[in-house]
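# Residue-level structural notes
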Amino acid sequence: MPRLLSFICAILVLQSCIPLRVAPTIDDYRVTRGRKFKRGLPQREMFVFQDPKNAGQFYDYVNTKFELNDEKVYDDVPFEIHGDTFFFSFYEVEIADKSLNLFPFALDVFLNGALGNEDFEPILSEGSEGVVRQGNWYIAIEVYSDSEKDCLLPDSLSREAVLKYLSAVKKEYLSTHNYNEVVFKN
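Per chain, the residues get numbers from 1 upward, laid out in the order the sequence is written. Selection of residues for local features in this predicted model requires a pLDDT of at least 70, selection of side-chain atom pairs for listing and counting requires 80 or more, and totals for whole chains, interfaces and linings are taken over all residues. The side-chain values count all of the structure's non-hydrogen atoms but skip hydrogen atoms and water molecules.

### Some details on the overall build of the chain
Keep this limit in mind: Only runs of H or I of at least four residues qualify as helices and only runs of E of at least two qualify as strands under DSSP, and these elements are numbered from the N terminus. Buried means the residue's accessible area, taken with a 1.4 Å probe over protein chains only, is under 20% of the maximum for its type, while exposed means over 50%, and partly exposed covers the values in between. What makes two residues a contact is simply this: any of their non-hydrogen atoms within 4.5 Å. Per-residue and other accessible areas follow the Shrake-Rupley method at a 1.4 Å probe size, with only the shown protein chains counted as cover for residues.
Looking only at helices and strands, the chain features six helices and six strands. Going from the N terminus to the C terminus, the chain shows its helices and strands as α-β-β-α-β-α-β-β-α-β-α-α. Sorting the 186 residues of the chain into buried and exposed places 37% on the buried side. The long-range fraction of contacts in the chain, counting pairs at least 24 apart against all pairs at least 6 apart in sequence, stands at 64%. Split by element, the accessible area of the chain, about 11,800 Å² in all, is 53% carbon and sulfur.

### Description of the packing of aromatic side chains
Here the distance between the centres and the angle between the planes together describe a pair of aromatic rings. Note the following rule: Here is the rule: rings of Phe, Tyr and Trp (six-membered ring for Trp) pair when centre to centre is within 6.5 Å. Planes less than 30 degrees apart are stacked, more than 60 are edge-to-face, and the remainder are tilted. A ring is scored as having a charge over it whenever the NZ atom of a lysine or the CZ atom of an arginine sits within 6 Å of its centre and within 35 degrees of its normal.
Enumeration over the complete set of coordinates arrives at 16 aromatic pairs. Between the aromatic rings of Phe58 and Tyr173, the centroid separation amounts to 4.9 Å while the plane-to-plane angle is 90 degrees, which identifies the pairing as edge-to-face. Of the two residues, Phe58 sits in helix α3 (residues 57-65) while Tyr173 sits in helix α5 (residues 159-175), which places them 115 residues apart along the sequence. Judged by centre distance (5.0 Å) and plane angle (40 degrees), the rings of Tyr74 and Phe90 are tilted. On the criterion of sequence distance, the pair formed by Tyr74 in the loop between α3 and β4 (77-81) and Phe90 in strand β5 (residues 84-101) is long-range, its members being 16 residues apart. On the basis of relative accessible area, Phe90 is assigned to the buried category, the value being 2%. Above the ring of Tyr173, the side-chain terminus of Lys53 is found at 4.5 Å from the ring centroid.

### Looking at unusual backbone geometry
Notably, Glu67 is not glycine yet its phi reads approximately 50 degrees, a positive angle. Relative to the helices and strands, Glu67 is located in the loop between α3 and β4. Classification of Glu67 by relative accessible area gives exposed; the value is 51%. For Asp70, which is not glycine, the phi torsion reads 60 degrees and is therefore positive. Residue position: Asp70 is located in the loop between α3 and β4.

### Re the pattern of salt bridges
Test applied: Put simply, a salt bridge is a Lys or Arg side-chain nitrogen that is within 4 Å of an Asp or Glu carboxyl oxygen.
According to the stated counting rule, one finds five salt bridges in the structure shown. Linking Lys170 and Asp28 is a salt bridge whose minimum nitrogen-to-oxygen distance equals 3.0 Å. Pair noted here: Lys170 is in helix α5 and Asp28 is in the loop between β1 (17-21) and β2 (30-33), with a separation of 142 residues, a long-range link. Judged by relative accessible area, which is 39%, Asp28 ranks as partly exposed. One salt bridge in this structure joins Arg44 and Glu142, with 3.2 Å as the shortest N-O distance. One end of the pair, Arg44, is in the loop between α2 (34-37) and β3 (45-50); the other, Glu142, is in strand β6 (residues 131-145), and 98 residues separate them in sequence. Among the residues examined, Glu142 registers a relative accessible area of 5% and is labelled buried.

What follows is the structure, encoded as structure tokens:
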């Protein structure tokens, strides 16, 4: 009986997926230091929200809304709040959920041993020894002006107005499917 119980426990452990990294869930938006959210982003404060749409959709939205004609869409996009000119840059960022699936890896080890392979060759596990990835996409936006290097800092004079504007942009982006409609809203 104890052997059967330990065998069942071993099978359950091998069939489980162990989460190694879970991507953050953002309900509305988050203002955070860029590099703290994802390595490779600027050190500035960023307005970050989850992007449920396909890759490149935010680019199309910004290009259409601000009538940029595919020039300088990622950097230095100008907008005005109360007569003051600001600029924003955005980044499409992926943070993958990562989990370790032990069953295919253990089966590969067993099959390689049974076949007499001295070098490990993945047969059932994918690429990196059973690590399963699932992507989560985010839009990260930094805002600056001629007078302020980082308009999203907590002590920035324009922070509240910029956050209100970016929140409206996010809401419009997520609710619009035909981006030509935003040209007529302006």
